[in-house]
Amino acid sequence: MSVISSQPKKVIILGGGSAGWMAASLIHKAWAKKGTEILLIESDVISKIGVGEGSTPSLRLFFKHLGISEQEWMPECNATYKCGISFPGWTSIDNPAYADYPAYIHPFYSQADWKTGNAFMHNARLRREGIDVPAHPDDYWLQSYLAKNFKAPIAFQQLRDEMDYGYHFDSALVGNFLKKRLLSMGLSHLIDTVDDVNLSDSGQISSIITKDNGAHSADLFIDCTGFAARLIGQALKVDFIDYSDCLFNDRAVAIQTPIDCSKDIPSNTTSTALSSGWAWQIPLSNRYGNGYVYSSKYITDDEAEKELREHIGPSSKDQDARVIKMRLGRVSQHWHKNVLAVGLSQGFIEPLEATALMLIQHTVESFISSYEDMQGAKREVIAQQGIFNNQLNEVFESIKDYIVAHYRLNSRTDSQYWCDNRENKNNSARLTALLSAWHTPGEDFEAELHRHNAELTYFAPSWYCLFAGKGHFPTSLNKPSSNTKVAPVAEIIKYCHQVSQQFYNHNEQLAKVYDERWHKLEAHR
Ligand SMILES: Cc1cc2nc3c(=O)[nH]c(=O)nc-3n(C[C@H](O)[C@H](O)[C@H](O)COP(=O)(O)OP(=O)(O)OC[C@H]3O[C@@H](n4cnc5c(N)ncnc54)[C@H](O)[C@@H]3O)c2cc1C
């Protein structure tokens, strides 16, 4: 595979979870009209992961790129809007140092936050230097106000600056929606299970052998087989880099509960710290998705289920619970030989910031441009693969650092799990440097972010929200002197409140997007 055309002749996508159908959608859009033959094979006996209900703003771009409107996909997938993620319970509020920081929202910020966001960073910088000024992130970001007031991130009138936002959705329905659309566009589809793989002398996959339909060959295989990693791991034996030394959680238990869509539906995910991990609550239009992500070293499955039910309350009674095993880490090479791994087969960091679908999208989009660039650049495949894999590994590592920082910065003292997470020193040199810089007066934290290329996925405002939201400031503070320029928080709060009044209530906006389907949901409540 050293001489290459600008798109492959035949692609087989193995796996029909979110990764498979998202990859198929993007590859179909890029190459189907240019003559690439695409076949998606999925098993009807190996189940999908069946969770993954929150996104980052990149999902908006995914649907936009495919020309699919919110009116088309959201009602089909029971989707709602997402302004950010709230993190209650990650601090020790009995400790006076953290008493004012019981929770914070990591908002999806945009150009609309430019002024107030800068004000937040300015005040947080002062507080880091020991000056007593308000620096809780929730006061400064518009999406925090929208989330707290059950608003959608959609204004009555187009604002000067476009808002960025994410979604909540039923992942199985998103897969079905994309599948239906692609099948209607003529994509080839086979339901069968791959039992074996044939390798050529050069170690490429020459064909995959299905249980009932024989061998299938292609010049490119996309491995979307989930944690099984049937092609990239089992067949090609690409190394797996395990993250369990810095991210302890290896299980989740999920429970769905009813939602009453005649009441206000939240427009944020809530990720509450529990005794041995954290619980998500994701509001869809027809139900809540709930789950507890935990470490089996600290709590048994039964204990975790019990704790989750207590956390959810009476609505969890009689609802089934499902335990999911997770493998945290990533492959060393996402594109190897003639296989590209996408989704859980390429790796999984942690669902804490709901980044997995974003990584699927990023992997496939950058693969397509990488593949197309190769011919123009007259570059050998192996060289292009090296560049692609290095860049993608950097993205994985940058997200991992941000997630690990969540755990390192917790201040809970009520369980061994949280103490061990805080004390765990198995993190990257970059994260060590960032933790040290934030806690060292006089250190330029932004320069440190820049020096360590730490803003690949999370920009400075996200890092500031993380440290400030968890109350990481000096305990001894001095009043600002008369010549200290302090951003006026009272005015900012008033301004953000006023601006948030120009946004639709979440339910109101959903009713607009769902049209008559919303009334059906209301009738079924
Ligand atoms: C607890 C938890 C919470 C999560 N929350 C989020 C979130 O909020 N946001 C987010 O973006 N992501 C989240 N994720 C990740 C997200 O669920 C996945 O990234 C996404 O669903 C993609 O999964 P997948 O398609 O790679 O794998 P799967 O859904 O497991 O699909 C694998 C597919 O491969 C097929 N298959 C496997 N082996 C074979 C074979 N031999 N032959 C034929 N077919 C085969 C299966 O039948 C299936 O169709 C979460 C994950 C977990 C575990």
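Everything numeric in this text was worked out from a predicted model, so none of it was measured.

S.K.: When you look at the site of the ligand in this model, what are you seeing that I'm missing?
M.R.: The immediate surroundings of the ligand are formed by 33 residues, with Gly-16, Ile-46, Val-51, Gly-54 and Leu-357 found nearest. In this structure, Gly-16 approaches the ligand through a main-chain N or O atom, which is 2.9 Å from an oxygen atom. With respect to the ligand, the backbone of Ser-18 contributes an N or O atom lying 3.4 Å from an oxygen atom. For the ligand, the protein covers 97% of the area, taking 1,000 Å² as the surface of the free molecule.

S.K.: Any chance you could explain the sheet that holds strand β14 (residues 251-258) here in plain terms?
M.R.: Two orientations exist for strands paired in a sheet by backbone hydrogen bonds: parallel and antiparallel. Strand order across the open sheet formed by seven strands is β5-β4-β15-β16-β17-β14-β18, with mixed pairing between neighbours. The sheet is open, and its two borders are formed by β5 (105-107) and β18 (321-325), each paired with just one other strand. Going across the sheet, the axis of each strand differs from the next one's by a mean of 20 degrees, ignoring polarity. Along the sheet face, helix α8 (residues 301-312) touches β14, β15 (269-274), β16 (277-283), β17 (287-294) and β18 and points at about 35 degrees away from the line of β14.

S.K.: Help me understand the nonpolar core, please; the structure alone is not making it clear to me.
M.R.: Counting 135 residues, the largest nonpolar core has Trp-73, Leu-178, Ile-222 and Trp-463 as the members making the most contacts within it. Take this core: its biggest share by element is 11 residues, from helix α10 (residues 381-408). For Trp-73, the residues in contact, after removing those within four places along its chain, are Leu-59, Phe-63, Ile-68, Ala-79, Tyr-167, Phe-169, Val-174 and Phe-177. Formed by 20 residues, the second largest nonpolar core is a distinct cluster that contains Leu-190, Phe-221, Ala-229 and Val-339.

S.K.: Please clarify how the packing of aromatic side chains should be interpreted in this entry.
M.R.: Describing an aromatic ring pair means giving the distance of the ring centres and the angle of the ring planes. By the definition in use, this model includes 39 aromatic pairs. Connected via pairs of aromatic rings, a cluster forms that spans Tyr-101, Tyr-109, Phe-120, Tyr-140, Trp-141, Trp-438, Phe-445, Tyr-464, Phe-467 and Phe-473. We note Arg-127 situated over the ring of Phe-473; from NZ or CZ to the ring centre the distance is 5.4 Å. A cation over a ring is seen here: Arg-327 above Phe-240, with NZ or CZ 3.9 Å from the ring centre.

S.K.: When you look at the packing of helix α1 (residues 18-31) against helix α6 (residues 171-184) in this model, what are you seeing that I'm missing?
M.R.: For any two helices packed against each other, the geometry comes down to the angle between their axes and how far apart the axes lie. The geometry of α1 relative to α6 is characterised by a closest axis approach of 9 Å and an angle of 35 degrees between their N-to-C directions. In this structure, α1 meets α6 at a crossing whose hand is left-handed. Residues Ser-18, Trp-21, Met-22, Ala-24, Ser-25 and His-28 of α1 pack against Ser-171, Gly-175, Leu-178, Lys-179, Leu-182 and Leu-183 of α6.

S.K.: Would you mind going over the packing of helix α2 (residues 58-66) against α6 with me for this structure?
M.R.: Following both chains from N to C, one finds α2 and α6 inclined at 15 degrees, their axes separated by 14 Å at the closest point. Compared by their axis directions, α2 and α6 come out roughly parallel. The two elements α2 and α6 cross, and the hand of that crossing is left-handed. Of the residues in α6, those touching α2 at Phe-62, Phe-63 and Leu-66 are Val-174, Phe-177, Leu-178 and Arg-181. A breakdown of the residues in the contact of α2 with α6 according to their chemical character gives six nonpolar, no polar and one charged.

S.K.: Explain unusual backbone geometry to me, please; I cannot follow it from the model alone.
M.R.: Excluding glycine, residues mostly carry a negative phi; peptide bonds, for their part, are mostly trans. Not every positive phi belongs to a glycine, and Asn-78 is a case in point at roughly 50 degrees. Following the sequence through the fold, Asn-78 ends up in the loop between α3 (70-73) and β3 (80-82). For Asp-318, which is not glycine, the phi dihedral falls at a positive 65 degrees. Residue position: Asp-318 is located in the loop between α8 and β18. Of the residues examined, Asp-318 reaches a relative accessible area of 68% and is grouped as exposed.

S.K.: I keep staring at helix α9 (residues 356-376) and nothing clicks. Help me out?
M.R.: Think of an α-helix as 3.6 residues a turn; residues three or four steps apart then line up on the same face. Along its 21 residues, α9 runs 31 Å from first to last C-alpha, staying within 8% of the 30 Å computed at 1.5 Å per residue. All of the buried residues along α9 are Leu-357, Met-358, Leu-359, Ile-360, Gln-361, Thr-363, Val-364, Phe-367, Ile-368, Ser-370, Tyr-371 and Met-374. Tucked into the core, α9 has its buried residues touching α1, α2, β12 (220-223), β20 (335-336), β21 (339-341) and α10.

S.K.: Help me understand the pairing of strand β10 (residues 205-210) in this model?
M.R.: Regular strands place their side chains on alternate faces of the sheet. Strand direction decides the pairing type here: strand β9 (residues 194-199) and β10, joined by five bridges, are antiparallel. What sits directly across from Val-197, in β10, is Ile-208. The antiparallel pairing of β9 with β10 creates a hairpin that spans five residues between the two strands, and Gly-203 there sits at a positive phi of about 90 degrees. Relative to strand β11 (residues 214-216), β10 runs antiparallel, the two being bridged by three bridges. Following the sheet pairing, Ile-209 is matched in β11 by Ala-215. Taking the residues between adjacent antiparallel strands as the criterion, β10 and β11 are bridged by three residues.

S.K.: How should the domain arrangement of the protein be read in this particular structure?
M.R.: For an interface, size is often stated in terms of accessible area lost upon the parts coming together. Domain assignment breaks the protein into domain 1 (10-60 + 169-241 + 328-398), domain 2 (113-159 + 428-500) and domain 3 (251-325). On a C-alpha basis, the centres of domain 1 and domain 2 stand 37 Å from each other. Contacts between the two partners involve seven residues from domain 1, matched on the other side by five residues from domain 2. Summed over both sides, the interface of domain 1 with domain 2 buries roughly 540 Å², with 52% coming from carbon and sulfur. Linking domain 1 to domain 2 there are one salt bridge. As a salt-bridge pair, Glu-394 and Arg-430 come within 3.6 Å of each other at their nearest N and O atoms. Tallying contributions element by element places α10 first for the side of domain 1 that touches domain 2, with four residues.

Criteria and thresholds
- Residues numbered from 1 in each chain as written.
- Predicted model: local features only at pLDDT ≥ 70, side-chain atom pairs only at ≥ 80, totals over all residues.
- Heavy atoms only, no water.
- Near = heavy atom within 4 Å.
- Polar contact = N/O pair within 3.5 Å; in protein donor to acceptor, adjacent residues only side chain to side chain.
- Areas by Shrake-Rupley, 256 points an atom, 1.4 Å probe, with all protein chains shown as cover.
- Pairing = 2+ DSSP bridges.
- Helix = DSSP H or I, 4+ residues; strand = E, 2+ residues; numbered from the N terminus.
- Axes fitted to C-alpha atoms, helices over the stretch in contact; angles between N-to-C directions.
- Contact = heavy atoms within 4.5 Å.
- Core = buried A, V, L, I, M, F, W, Y, C linked by side-chain atoms within 4.5 Å.
- Buried < 20%, exposed > 50% of the residue type's maximum accessible area, 1.4 Å probe, protein only.
- Phe/Tyr/Trp six-rings, centres within 6.5 Å; stacked < 30°, edge-to-face > 60°.
- Lys NZ or Arg CZ within 6 Å of the ring centre and 35° of its normal.
- Left-handed = near helix turned anticlockwise from the far one by under 90°.
- Parallel < 35°, antiparallel > 145°, perpendicular 65-115°, else oblique.
- Nonpolar A, V, L, I, M, F, W, Y, C, P; charged D, E, K, R; others polar.
- Expected span 1.5 Å × (residues − 1).
- Domains from an automatic or database assignment.
- Buried area = accessible area lost by both parts, 1.4 Å probe.
- Salt bridge = Lys/Arg side-chain N within 4 Å of Asp/Glu carboxyl O.

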